[in-house]
Amino acid sequence: MIVPELGEYALILALCLSLLLATVPQVGAMRGNTLWMGFARPLSKGMLLFTLISFLCLGWAFLNNDFSVAYVANNSNTALPWYFRLSAIWGGHEGSLLLWVLILSGWTVAVASRSRGLPADIVARVLAVMGLVAAGFYLFILFTSSPFERNLPAFPPQGADLNPLLQDIGLIVHPPMLYMGYVGFAVVFAFAIAALLSGRLDAAWARWSRPWTAVAWAFLTLGITLGSWWAYYELGWGGWWFWDPVENASLMPWLVGTALIHSLAVTEKRGVFKSWTVLLAIFTFSLSLLGTFLVRSGVLTSVHAFASDPDRGIFILIMLATVIGGSLLLYALRAGQMKSESSFGLLSRESLLLVNNVLLVVVCATVLLGTLYPLIVDALGLGKLSVGPPYFNALFTPLMALLLLTMGVGAVSRWKQTPLSLLARQLWPPGLLALGLGAGCAWLYAGELKPWVVLGLVLSWWVVLAGLRDLYNRLHHRREKLQGLRRQPRSYYGMVLAHLGVAVTVVGVALVSVYTEQRDLRMQPGDSLSFRDYTFEFQGSTPVQGPNYSADQGQIRVLYKGEPYALLQPEKRHYAARGNMMTEAAIDPGFTRDLYVALGEPLEDGAWAVRMQYKPFVRWLWLGGLLMAIGGLLTATDRRYRKQLRPALAQAEA
Amino acid sequence: MTPKRKQRLMMVLFILAGVGVAVGLTLFALNQNLNLFYSPTQIATGEVPQDTRIRAGGMVVEGSVKRDPDSLFVQFDITDYDNTVTVEYAGILPDLFREGQGIVAQGTLNERGVLKASEVLAKHDENYMPPEVADALAKAGKLPAPKGQEFNK
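These numbers were taken from a predicted model, which means no experiment stands behind them.

### Description of the packing of aromatic side chains
All names here are of chain A.
Item 1. Tallied over the full model, the rule gives 30 aromatic pairs over all chains.
Item 2. Where Trp-243 meets Phe-396, the ring centres are 5.1 Å apart and the plane angle is 70 degrees; that geometry is what we call edge-to-face. Residue Trp-243 is located in the loop between helix H9 (204-235) and helix H10 (245-270), and its partner Phe-396 is located in helix H14 (residues 389-412); the two are separated by 153 residues in the primary sequence.
Item 3. Plain terms: the ring middles of Tyr-534 and Tyr-560 are 4.9 Å apart, the flat faces sit at 40 degrees to each other, and that makes the pair tilted. A residue pair is termed long-range when its members are at least 10 positions apart, and Tyr-534 in strand S4 (residues 534-545) and Tyr-560 in strand S5 (residues 549-560) qualify at 26 residues.
Item 4. Residue Tyr-534 is classed as buried on the basis of its relative accessible area, which comes to 7%.
Item 5. Among the aromatic side chains, those forming a connected cluster through ring pairs are Trp-241, Trp-243, Tyr-391, Phe-392 and Phe-396.
Item 6. The ring of Trp-415 carries the charged tip of Arg-349 above its face, separated from the ring centre by 5.6 Å.

See the structure below:
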């Protein structure tokens, strides 16, 4: 069948359209030619259409087990269930890049169709920049990583199978979410570049790009959360964050993106920090690009590493240099034109948000240093080394603690100027209460005060209580409190939810880091072990058969305070196609604790190495991430953004 | 100085101080947590300081894995086909740990020249060797041909 060739042709057509999109509207905007500018929207739609066709062709090849396509042969197998065959599209380097451009062209069309209220030249420029980014990726795919390459005439009768680690619901959703976030930052990047190109660096571009940034950030948050959750049950033997370079690659754009969201708010509301915000937009997208490539190029020593290929590395470097260098050059040429529209005092919401920005950027820089340092040292031929998690923990924790502290102060501060006396008057009750509640909760939970737990809980309460004080400030002069609540804009509730999410995550991090209990033990059938009110009784293992694997299933009876509680059945799977061994943990989830059991390796006489864990409040990590993501999405649906998108409708309402 | 300039100066000084402290802390933390990679030959020739956290990598020698019958204690040798180092580890080995396969162990060297590992890492892919190990083997001229050929490249 020629379907894979159709896919390749569709991709080439998409490349042509993206090149047109990158040039025609841009030239039109420079010359004031409305006709040329008008090409932007139809061209983006065409680009999406052909990318989608290409993507569907690859999907068709996977569904029909067309092993003459090398990528399919490397990542699929006839024994693989159909849903994993579909998710295998993004199981490797080539296909995940195709997903990347598909999402990028999707975002491009979303901007094209939701920008009716914007000036035509801005729309043309924004779409042109996105077309240019897309063109880079199409070239990359077509020249170095085509997923449609054939293995003819001697193609294998059976595929090599999808990596068993990736045969999981987590992989079906995690990469698309993450990419939605990475690629979504292309929108705010395009807005920033368009603003620089047009020289119209007023606060309006901040208002236009805010909802897009919030949505992209929400998806990235969700993607990281899903990744952590997936690592926890599938890969990590119960760990939820490893400071693995690949995790760092997704955390860095998140950190700078968080700074960007806050700085955009200041730029829109007060007309200051303009050049800083533009710079952050450039950084966020550059780090997203870096992240994509770090993960997929295999330059890093990482649990995720894929096979590497030097051609790709060169292309990647050229493309990164072009995007980052080009946008920074443009920035250097144009940033001088940006003027602040107002001023602000030393103690004000502006300066507190600046502190937030500085902290987030510094955290990102330390993570970047720790991630790239081994690469740089290796490239210079100074030896091979790795940077351990203690480095990241030692810097991340105190900086984040500082950030949480300013979060509380920032919540009640005012724009322009905030008297110190006002802050002190408003913040001492939540401060004292947070100290009391934080220490109290830590004591109630464990009957002891461990410094890190107390710090985490106090800061979480501080963020929540200072937020409540802010709510009180907003309502106390109103007579109708409920109506006052309803009057608050959605973006306010979005912020509240996101900040609450941070507090929830911090509680999870503090408790699970300090109070996790873990036992690795050699267990014979009949052996049992008790800790934390739970008894784990190993009853041996039984063989079971799955669709494309065979497994030993451990039978572990759990007693709670001597009463039968549950049967946990962790598995050690053997995937025949690649000969891989896989550990499938058994988890009893709960709101305040997880029980986590995994089989290590089989030992003689039916004994197994068994890992048993008690993980307090581990679900809160991801619950917090979920809250943050919902907060981001809620913010993006705020009325004033919808108004600006449909000015005609808004006028009719009024 | 006008009040506005003064305010800006304060702002800049504040940021500089913050960045300075951060850079200092960062470099300190980085220095404390670097784990250098050594090959078995480097360890055998005594290049490696004792009681410092290092990473060592090589192929697990066939038939060298000895388990304690009552606990999870395990002992094995890793080699770059020139020299061999003994590794001791108590805990669960990764799924891809196998004799004849490349691994990286992280830990400290004791006075007998035995690596007390706190972590043993193996890789996802069956054909895949940790890059440091591949590099060390290539240097020793002992890089074996890949076991399975992937379909493209």
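### Points about the side chain of Thr505(A)
Item 1. Of note, Thr505(A) is situated in helix H18 (residues 490-515).
Item 2. Discounting residues that sit within four places of it in the chain, Thr505(A) has contacts with Trp620(A), Leu621(A), Gly624(A), Gly625(A) and Met628(A).

### Notes on the interface of chain B and chain A
Item 1. Listed as interface residues are 41 residues of chain B and, on the opposing side, 56 residues of chain A.
Item 2. Across the chain B/chain A interface, buried area totals approximately 4100 Å², and carbon plus sulfur atoms make up 61% of it.
Item 3. Between chain B and chain A we count two salt bridges in total.
Item 4. Counting residues per element, the ones that place at least two in the side of chain B that touches chain A are helix H1 (3-32), strand S1 (34-38) and helix H3 (131-139) of chain B.
Item 5. The biggest single contributor to the side of chain B that touches chain A is H1(B), with 11 residues.
Item 6. Class assignment of the residues belonging to the side of chain B that touches chain A gives a composition of 18 nonpolar, nine polar and 14 charged.
Item 7. Pairing between strand S1 (residues 385-387) of chain A and S1(B): three bridges, direction antiparallel. Counted as the bridge partner of Leu385(A) is Leu36(B) from S1(B).

### Considerations on the packing of helix H13 (residues 349-379) of chain A against H1(B)
Item 1. As a packed pair, H13(A) and H1(B) sit with axes 11 Å apart at the nearest point and diverge in direction by 25 degrees. Judged by the inter-axis angle, H13(A) sits roughly parallel to H1(B). At the point where H13(A) passes H1(B), the crossing takes the right-handed sense. Contacts between H13(A) and H1(B) involve Ser351(A), Leu354(A), Val355(A), Val358(A), Val362(A), Thr366(A), Leu369(A) and Tyr373(A) from the former and Met11(B), Phe14(B), Ile15(B), Ala22(B), Thr26(B) and Leu30(B) from the latter.
Item 2. For the contact of H13(A) with H1(B), the residue count by class is 11 nonpolar, three polar and no charged.

### What to know about the layout of surface pockets
Item 1. Volume-wise, the second largest pocket comes out at about 680 Å³.
Item 2. Around the second largest pocket, the lining comprises 22 residues; the ones closest to its centre are Phe273(A), Ser340(A), Phe344(A), Arg8(B) and Met11(B).
Item 3. Breaking the lining of the second largest pocket down by element, the ones donating at least two residues are helix H11 (274-297) and H13 of chain A together with H1 of chain B.

### Looking at helix H15 (residues 420-446) of chain A
All names here are of chain A.
Item 1. With 27 residues, H15 should cover 39 Å at 1.5 Å per step; its first-to-last C-alpha distance of 37 Å lies within 8% of that length.
Item 2. Along H15, the helix axis deviates most sharply at Leu-427, where the bend reaches about 40 degrees; the proline Pro-429 sits within four residues downstream.
Item 3. The elements touched by buried residues of H15 are H14 and helix H16 (451-475).
Item 4. Two residues or fewer after H15 comes Gly-447, characterised by a positive phi angle close to 70 degrees.

### Digging into the sheet that holds strand S10 (residues 593-602) of chain A
Within a sheet, adjacent strands bond to each other through the backbone by hydrogen bonds, running parallel or antiparallel.
All names here are of chain A.
Item 1. As summarised here, the arrangement of the four strands in space is S2-S11-S10-S9, forming an open sheet in which the pairing is antiparallel. Only two strands of the sheet have a single neighbouring strand rather than two, namely strand S2 (517-523) and strand S9 (586-588). Put simply, the sheet's adjacent strands are angled 15 degrees from each other on average, direction ignored.
Item 2. Here S9 runs beside S10; their pairing, made up of three bridges, is antiparallel. Within S10, the residue paired with Ala-586 across the bridge is Val-597.
Item 3. Its contacts with the sheet put H9 on S9, S10 and strand S11 (608-616), and the angle it makes with S10 is roughly 45 degrees.

### Overview of the confidence of the model for chain A
Item 1. Mean pLDDT over chain A: 89, with 96% of residues reaching 70 or higher.
Item 2. Confidence drops under a pLDDT of 50 for residues 301-307 of chain A, and excluding neighbours within four residues, the segment shows 24 contacts in the predicted structure.

### Observations concerning the pairing of S10(A)
Residue and element names in this part refer to chain A.
Item 1. Taken across its 10 residues, S10 has nine buried, putting it largely inside the fold.
Item 2. Between S9 and S10, which follow one another and run antiparallel, lie four residues.
Item 3. Joining the antiparallel neighbours S10 and S11 is a turn of five residues, in which Asp-605 adopts a positive phi near 60 degrees.

Cut-offs and rules
Residue positions are counted from 1 within each chain, in the order its sequence is given. In the order they appear in the text, chains get letters beginning with A and ligands get numbers beginning with 1. Given that the model is predicted, a residue must reach a pLDDT of at least 70 before its local features are reported, and side-chain atom pairs must reach 80 or more before they are shown or counted; all residues, however, enter totals for whole chains, interfaces and linings. Hydrogens and water are ignored here; the side-chain numbers use all heavy atoms of the structure. In summary, the pairing rule links any two rings of Phe, Tyr or Trp, Trp by its six-membered ring, whose centres are within 6.5 Å, and it sorts them by plane angle into stacked for under 30 degrees, edge-to-face for over 60 and tilted for everything else. Each helix is a run of H or I in the DSSP string that is no shorter than four residues. Each strand is a run of E no shorter than two, and both are numbered from the N terminus. Buried residues are those whose accessible area, probed at 1.4 Å on protein chains only, stays under 20% of the maximum for their type, while exposed residues exceed 50% and partly exposed ones sit between those limits. Comment: the charge-over-ring label is applied if NZ (Lys) or CZ (Arg) is within 6 Å of the ring centre and within 35 degrees of the ring normal. Throughout, a contact is declared for two residues whenever any of their heavy atoms are within 4.5 Å. Throughout, the accessible surface (probe 1.4 Å) given up by two parts as they are put together, summed over both, is called the buried area. A side-chain nitrogen of Lys or Arg and a carboxyl oxygen of Asp or Glu constitute a salt bridge if their distance falls within 4 Å. Each residue gets one of three labels, nonpolar for Ala, Val, Leu, Ile, Met, Phe, Trp, Tyr, Cys and Pro, charged for Asp, Glu, Lys and Arg, and polar for the others, Gly among them. Two strands pair if DSSP finds at least two bridges between them. Between the N-to-C directions of two axes lies an angle of 0 to 180 degrees, each axis being a line fitted to C-alpha atoms and, for a helix, fitted only over the stretch in contact. Geometric relationships in this document are graded by angle, where less than 35 degrees denotes roughly parallel, more than 145 denotes roughly antiparallel, 65 to 115 denotes roughly perpendicular, and other angles denote oblique. Here a crossing is taken to be left-handed if its near helix is turned anticlockwise relative to the far helix by less than a right angle, and right-handed if that turn runs clockwise. Here the term cavity refers to a set of points on a 1 Å grid, laid over the protein atoms alone, in which a 1.4 Å probe fits but cannot get out; the term pocket refers to an open set having protein on both sides within 12 Å along at least five of seven lines, with lining residues being those that place an atom within 4 Å of a point. Grid points are joined across faces, edges and corners, and a volume is the space filled by probe spheres set on the points. An expected span of 1.5 Å times one less than the residue number is assigned to each helix. Bend is computed residue by residue as the angle between axes fitted to the seven residues ending at the residue and the seven residues starting at it. pLDDT is a per-residue confidence score from the predictor, ranging from 0 to 100.

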